[in-house]
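An overview of the molecular structure
What follows is the residue order along each chain.
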Amino acid sequence: MRKIRQNAVWIGATLVALILVGAVLFGSNYLRDDRALPKVAEIGGPFSLVDHHGKSVTDRDYLGKPTLVFFGFTHCPNVCPTTLFEITNQLKELGPDADRLNVLFITVDPERDTPQQLALYLSSFDPRITGLTGGPENILAAEKAYHVYAKKVPLEDGGYTMDHTATIAVMNSKGQYVDAMHYQAPSTAMRAKLHRLLNLKDS
Ligand SMILES: [Cu+2]
């Protein structure tokens, strides 16, 4: 009788130990996967917009080359000009290799950012950056596809500004999400990512 009880204790203890080990292994794997693959398959998707030349375009027009996708607006006081300036420097440094890349600046403020306004604004940056705008529903759909947050914030003078996600999504030539860049990251980090994207050797 005592032996049976002892065995039962051992079996119970072994089971608890197995469950604990399992939980730890599952937990660490889960965390690792979560960090390595931030909803990869979910970011990106179809869009139907108008470029800064007034031409209707869709996501399919940008397949065949890797694409940087950045959402912003031309009245942005800081984040957007800083990001576009950084991208411009990177493209300049890449030289002709930058032609193997699409760079899309999609407005979160279609009310003010007409194709003409985008063209005017982008004339201060690298000409290989394409501005995209469209109807409010089309812009909303693009924001949703890229998991971008954007919200109108009223200003005291009666105008408004936009709160928005400032991450640059890096898509491969098949339109699949591969990486993200942030405008506050050091230039060398962005340079390394672009080189990897274009299969260039780091010098
Ligand atoms: Cu901005």
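Cut-offs and rules
- Residues numbered from 1 in each chain as written.
- Predicted model: local features only at pLDDT ≥ 70, side-chain atom pairs only at ≥ 80, totals over all residues.
- Heavy atoms only, no water.
- Helix = DSSP H or I, 4+ residues; strand = E, 2+ residues; numbered from the N terminus.
- Buried < 20%, exposed > 50% of the residue type's maximum accessible area, 1.4 Å probe, protein only.
- Contact = heavy atoms within 4.5 Å.
- Areas by Shrake-Rupley, 256 points an atom, 1.4 Å probe, with all protein chains shown as cover.
- Donors = N, O, S within 2.8 Å, 3.2 Å for Na, K, Ca; no water.
- Phe/Tyr/Trp six-rings, centres within 6.5 Å; stacked < 30°, edge-to-face > 60°.
- Core = buried A, V, L, I, M, F, W, Y, C linked by side-chain atoms within 4.5 Å.
- Pairing = 2+ DSSP bridges.
- Axes fitted to C-alpha atoms, helices over the stretch in contact; angles between N-to-C directions.
- pLDDT = per-residue confidence, 0-100.
- Salt bridge = Lys/Arg side-chain N within 4 Å of Asp/Glu carboxyl O.

**Overview of the overall build of the protein**
On a plain count of helices and strands, the protein comes out with five helices and nine strands. Counting from the amino terminus, the protein carries its helices and strands in the arrangement α-β-β-β-α-β-α-β-α-β-β-β-β-α. Considering the protein as a whole, with its 203 residues, one finds that 37% of them fall into the buried category. Taking all contacts inside the protein whose residues are at least 6 apart in sequence as the whole, residues at least 24 apart take part in 70%. Total accessible area on the protein is roughly 12,300 Å²; 59% of this is exposed by carbon and sulfur atoms.

**What to know about the coordination of the copper ion**
Distances from the copper ion to its protein donors, Cys76 (SG), Cys80 (SG) and His164 (NE2), fall within 2.1 to 2.2 Å. Donor residues for the copper ion, ordered by position in the chain, follow C-x3-C-x83-H. Of this pair, cysteine 80 sits in helix 2 (residues 79-94) while histidine 164 is found in strand 7 (residues 160-164), placing the two residues 84 residues apart along the sequence. As far as the burial class goes, cysteine 80 and histidine 164 line up, both buried.

**Some details on the packing of aromatic side chains**
On inspection of all chains with the given rule, the structure shows five aromatic pairs. Centre to centre, the rings of phenylalanine 70 and phenylalanine 105 are 5.9 Å apart; their planes meet at 25 degrees, and the pair counts as stacked. Residue phenylalanine 70 is found in strand 3 (residues 67-72), and its partner phenylalanine 105 is found in strand 4 (residues 102-107); the two are separated by 35 residues along the sequence. The class of phenylalanine 70 is buried, set by a relative accessible area of 2%.

**Let's talk about the nonpolar core**
By size, the foremost hydrophobic cluster in this structure holds 48 residues, and its most contacted members are Leu68, Phe105, Ile129 and Tyr146. At five residues, the largest contribution of residues to this core is made by helix 2. Those residues in contact with tyrosine 146 that lie beyond four places of it in its chain are Ile43, Gly44, Gly45, Phe47, Val69, Phe71, Ala169 and Met171.

**Thoughts on the sheet that holds strand 2 (residues 56-58)**
Read from one edge of the open sheet, seven strands run 2-1-5-4-3-8-9, paired in mixed fashion. This sheet does not close on itself; its edge strands, each paired only once, are strand 2 and strand 9 (177-182). Here the strands of the sheet are splayed against their neighbours by 35 degrees on average, with no regard to which way each runs. Pairing geometry for strand 3 and strand 4, over six bridges, is parallel. In the strand pairing of strand 4, valine 69 is matched with leucine 104.

**Considerations on the confidence of the model for the protein**
Here the protein averages 88 in pLDDT, and 82% of its residues register 70 or above. Counting interchain partners and residues more than four positions distant, the pLDDT-below-50 stretch residues 28-37 has zero contacts.

**So, the pattern of salt bridges**
Evaluated as defined, the whole model comprises seven salt bridges. Between aspartate 97 and arginine 100 there is a salt bridge; the shortest N-O distance is 3.4 Å. Residues aspartate 179 and lysine 193 are paired through a salt bridge, measuring 3.3 Å at the closest nitrogen-oxygen approach. You can see aspartate 179 sitting in strand 9 and its partner lysine 193 sitting in helix 5 (residues 187-197), a full 14 residues away along the chain. Residue classification places aspartate 179 among the partly exposed positions, given a relative accessible area of 22%. Exposure remark for lysine 193: the relative accessible area of 24% places this residue in the partly exposed category. Among the charged side chains, a salt-bridge network with shared partners connects Asp99, Asp126 and Arg128.

**Quick word on unusual backbone geometry**
With the exception of glycine, the majority of residues adopt a negative phi angle, and the majority of peptide bonds are in the trans configuration. A positive phi angle, near 55 degrees, is found at histidine 147, a position not held by glycine. Here asparagine 199, not a glycine, exhibits a phi torsion of approximately 55 degrees, which is positive. Within the secondary structure, asparagine 199 sits in the segment after helix 5. On the accessibility criterion, asparagine 199 (70% relative accessible area) is exposed.

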